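Secondary and tertiary structure notes
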Amino acid sequence: MADPGPPVDVAQLVRDHHEVLYRYAYRLCGSVADAEDLTQHVFLTAQQKCGQVRDSGCVRGWLFTILRNCYAKSFRGRLPLSSAELDLNELPDGEVEQSIDSERLQAAINSLCEEFKLVVLLFYFEQRPYREIAETLEIPIGTVMSRLARAKCQLRQALVEPPTQAGAVALPHASRAVFARPAATR
Amino acid sequence: MEKRTREAIEACRPHSDDLANPEMREGAEEIAHDPEARVFYARVQQWDSAITAAMQSGSVPAGLESRLLSALRADHANPADEHAPVAAAGEKPYASISDDVMTALAASGESAASLSAAERSYSSRRRWLAACASIAATIVVAAFLNAWLRDRSPLPLEEQAVTWVDQLSPAWQDISRAPSGFQVPAALLAAPVTWQWMEQGRQGVAYQVETAAGVRATLFVVKSSRTGLPSSPPAMPQSTTGGRAIGYWRAGDQICVLVVPGDARSYRALVNPAAAPLA
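Before going into details, it helps to say that this report is about the structure given with it. (Residues numbered from 1 in each chain as written. Chains lettered and ligands numbered in written order. Predicted model: local features only at pLDDT ≥ 70, side-chain atom pairs only at ≥ 80, totals over all residues. Heavy atoms only, no water.)

Focus: helix H4 (residues 102-110) of chain A
Within H4(A), seven of the nine residues are buried, which leaves the element mostly enclosed by the surrounding structure. Considered for burial, the residues of H4(A) that qualify are Ser102(A), Leu105(A), Gln106(A), Ala107(A), Ala108(A), Ile109(A) and Asn110(A). Buried residues in H4(A) make contact with helix H1 (10-29), helix H5 (114-125) and helix H7 (141-160) of chain A together with helix H3 (35-55) of chain B. Where H4(A) begins, one side-chain oxygen reaches toward the backbone nitrogen of Glu103(A), 3.2 Å away; that side chain belongs to Asp101(A). (Buried < 20%, exposed > 50% of the residue type's maximum accessible area, 1.4 Å probe, protein only. Helix = DSSP H or I, 4+ residues; strand = E, 2+ residues; numbered from the N terminus. Contact = heavy atoms within 4.5 Å. Polar contact = N/O pair within 3.5 Å; in protein donor to acceptor, adjacent residues only side chain to side chain.)

Written out as structure tokens, the structure is:
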């Protein structure tokens, strides 16, 4: 039986991972307040379930999984945004910007439907290979490839289009996301 | 360029060896032999590098770490109720934790640690009070049920008396050893000759009584607070069914139930309603 190692210090998890988790949450939620709520929810859940951690090297992935699950629960039941018809052969003309504005990228992510958003975040943020994305989302590899191609195409189109209003970020949902409080296990 | 090739190229992470995977063989060959595919692959990789870098950038709100730590301490001191209602749509679900903590900190200037200790103390007092209230409520309910069950007979006394008769043992005991506290009423025109405990334990005694003429009957004397009974033997029995005449009344802290074989006339031969309730 593998040595479970020392118990996880959740306060240390906060210190080590809160920034990356917040950024991930912000990319998913699209707003500062929702991202902070989601991040807090992740750590509260982690506090209750830290006994599940067997390998301290996998903590970040474990936190990402909690975050994705919390987010998935929060948007379950909402109507997905429709994905536009895209020409997958088309890449934006001109040179690729080496430095993409963070808020502009967020506006582009916000324009994606939830299915695309999760695939894109797993690919870009977590840098997971397509096989792992398929396992994580429990969908076939072919579906992952198809979604990735369409989502990335839509993302690039959104990035090269001029913004509708200066600095405006198109939020996908009118209402705030609601993250259910983790159930007590103690 | 084939759709499958495009999708394979899009699935390759920047600066990775994803193209070497078996599923990518077709795409890899096309990139090797088709200049258009090669250009497409190179540009997608450029885009992916730029997007990946931007994706992981962005500022983090000031004080986020301390707010998260405060929320964890508060949650640890007062763990979530499993059955707590989920926040309604549009509500901030953790306002009761993080916002309250931050507001209290700002107002009092206390450290998060001392506030957490105060919350723990409050939570402990609240649990203690809840436990005391639960115990008190249990005692009250138990007392009420005890009184209610003691006074409440599931059957009318007529029917209860028939049951008592059926439960009698043939082993009657000598009257000289009858227990005190279960007095035979003086209104009876019969004297007790034998006795036995009833099945209710030591809460009731059954007597065999006999008139001077040798007519026998059974008298049950039971401790009870049952109300609504006559205070002396009724002149006529309350029940005359099944070849038995049954009359009952209250005498002090006990009830008396007289079961006489026969009809109302047989019953009247055993009671004197004008007499005092107890001997």
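More follows now that the structure is in view.
Structural notes on the packing of aromatic side chains
Summed over all chains, the structure comprises eight aromatic pairs over all chains. Geometrically, the ring pair formed by Tyr22(A) and Tyr26(A) is stacked, given 6.3 Å between the ring centres and 15° between the ring planes. Here the residue Tyr22(A) and the residue Tyr26(A) both occupy positions in helix H1, the gap between them amounting to four residues, near one helical turn. Given the relative accessible area of 12%, Tyr26(A) is considered buried. Plain terms: the ring middles of Phe64(A) and Phe125(A) are 6.1 Å apart, the flat faces sit at 80° to each other, and that makes the pair edge-to-face. On the criterion of sequence distance, the pair formed by Phe64(A) in helix H3 (residues 59-75) and Phe125(A) in helix H5 is long-range, its members being 61 residues apart. Owing to a relative accessible area of 4%, Phe125(A) belongs among the buried residues under this scheme. The ring centre of Phe182(B) lies 5.1 Å from the NZ or CZ of Lys223(B), which sits over that ring. (Phe/Tyr/Trp six-rings, centres within 6.5 Å; stacked < 30°, edge-to-face > 60°. Lys NZ or Arg CZ within 6 Å of the ring centre and 35° of its normal.)

A look at the packing of H5(A) against H3(B)
Where H5(A) meets H3(B), the closest approach of the two axes is 9 Å, and the angle between their N-to-C directions is 95°. The pairing of H5(A) with H3(B) is recorded here as roughly perpendicular in orientation. Across the interface between the two elements, Val120(A), Leu121(A), Phe123(A), Tyr124(A) and Phe125(A) from H5(A) touch Asp48(B), Ile51(B), Thr52(B) and Met55(B) from H3(B). In terms of residue class, the contact of H5(A) with H3(B) is built from seven nonpolar, one polar and one charged. (Axes fitted to C-alpha atoms, helices over the stretch in contact; angles between N-to-C directions. Parallel < 35°, antiparallel > 145°, perpendicular 65-115°, else oblique. Nonpolar A, V, L, I, M, F, W, Y, C, P; charged D, E, K, R; others polar.)

A look at the pairing of strand S6 (residues 244-251) of chain B
All names here are of chain B. With seven of eight residues buried, S6 lies mostly within the body of the structure. Relative to S6, strand S5 (residues 239-241) runs antiparallel, the two being bridged by three bridges. Within S6, the position partnered with Thr240 by the bridge is Ala245. Here S5 hands over to S6 after two residues, with Gly242 in that stretch at a positive phi of 65°. For S6 and strand S7 (residues 254-261), the ladder comprises eight bridges, and the chain directions are antiparallel. Paired with Ala251 across the bridge in S7 is Gln254. Hairpin geometry of S6 and S7 is characterised by an intervening segment of two residues between the two adjacent antiparallel strands and by a positive phi of about 65° at Gly252. (Pairing = 2+ DSSP bridges.)

Some points on the sheet that holds strand S2 (residues 190-197) of chain B
Residue and element names in this part refer to chain B. The seven strands are arranged S1-S2-S3-S4-S7-S6-S5 in an open sheet whose pairing can be described as antiparallel. The outermost strands of the open sheet, each flanked by one partner alone, are strand S1 (173-174) and S5. Direction of pairing for S1 relative to S2: antiparallel, over a ladder of two bridges. Directly across from Asp174, in S2, lies its bridge partner Thr194. Along the sheet, helix H7 (residues 157-167) makes contact with strand S4 (216-223), S5, S6 and S7, crossing S6 at roughly 110°.

Looking at the packing of helix H2 (residues 25-33) of chain B against H3(B)
Residue and element names in this part refer to chain B. In contact at an axis separation of 5 Å, H2 and H3 are set at 110° when each is read in the N-to-C sense. Between H2 and H3, the angle falls in the class roughly perpendicular. Two secondary-structure elements touch here, H2 through Glu30, Ile31, Ala32 and His33 and H3 through Pro35, Ala37, Arg38 and Tyr41. The class makeup of the residues in the contact of H2 with H3 is five nonpolar, one polar and two charged.

A look at the pairing of strand S3 (residues 204-211) of chain B
Residues and elements named next belong to chain B. The buried fraction of S3 amounts to seven of the eight residues, a majority that puts the element mostly inside the structure. Alignment of S2 against S3, held across seven bridges, turns out to be antiparallel. Looking at the pairing, Trp197 lines up with Val205 of S3. Here S3 pairs with S4 via seven bridges, running antiparallel. Counterpart to Gly204 in the pairing with S4 is Val222. Connecting S3 to the next strand, S4, in antiparallel fashion are four residues, including Gly214 with a positive phi near 90°.

What to know about helix H2 (residues 32-49) of chain A
Here H2(A) spans 26 Å end to end across 18 residues, near enough to the 26 Å set by a 1.5 Å rise per residue. In terms of residue burial, H2(A) counts as a mostly covered element, since 15 of its 18 residues are buried. (Expected span 1.5 Å × (residues − 1).)

Examining the side chain of Glu126(A)
Residue and element names in this part refer to chain A. Structurally, Glu126 is set in the loop between H5 and helix H6 (130-137). A relative accessible area of 13% means that Glu126 is categorised as buried. Separated by 2.5 Å, the side chains of Glu126 and Tyr24 make a polar contact.

A word on the pattern of salt bridges
Per the counting criterion, the structure on display carries 15 salt bridges over all chains. Across the pair Lys3(B) and Glu7(B) runs a salt bridge, and its minimum N-O distance is 3.9 Å. Separated by four residues within a single helix, Lys3(B) and Glu7(B) lie in helix H1 (residues 3-11), roughly one turn from each other. Look at Glu7(B) and you get buried, because its relative accessible area is 9%. Here the residues in one salt-bridge network are Arg68(A), Glu126(A), Arg128(A) and Glu132(A), joined through shared partners. (Salt bridge = Lys/Arg side-chain N within 4 Å of Asp/Glu carboxyl O.)

Considering the environment of Thr65(A)
Along the chain, the position of Thr65(A) falls in helix H3. In sequence terms Thr65(A) and Thr136(A) are 71 residues apart; their C-alpha atoms lie 8.8 Å from each other.

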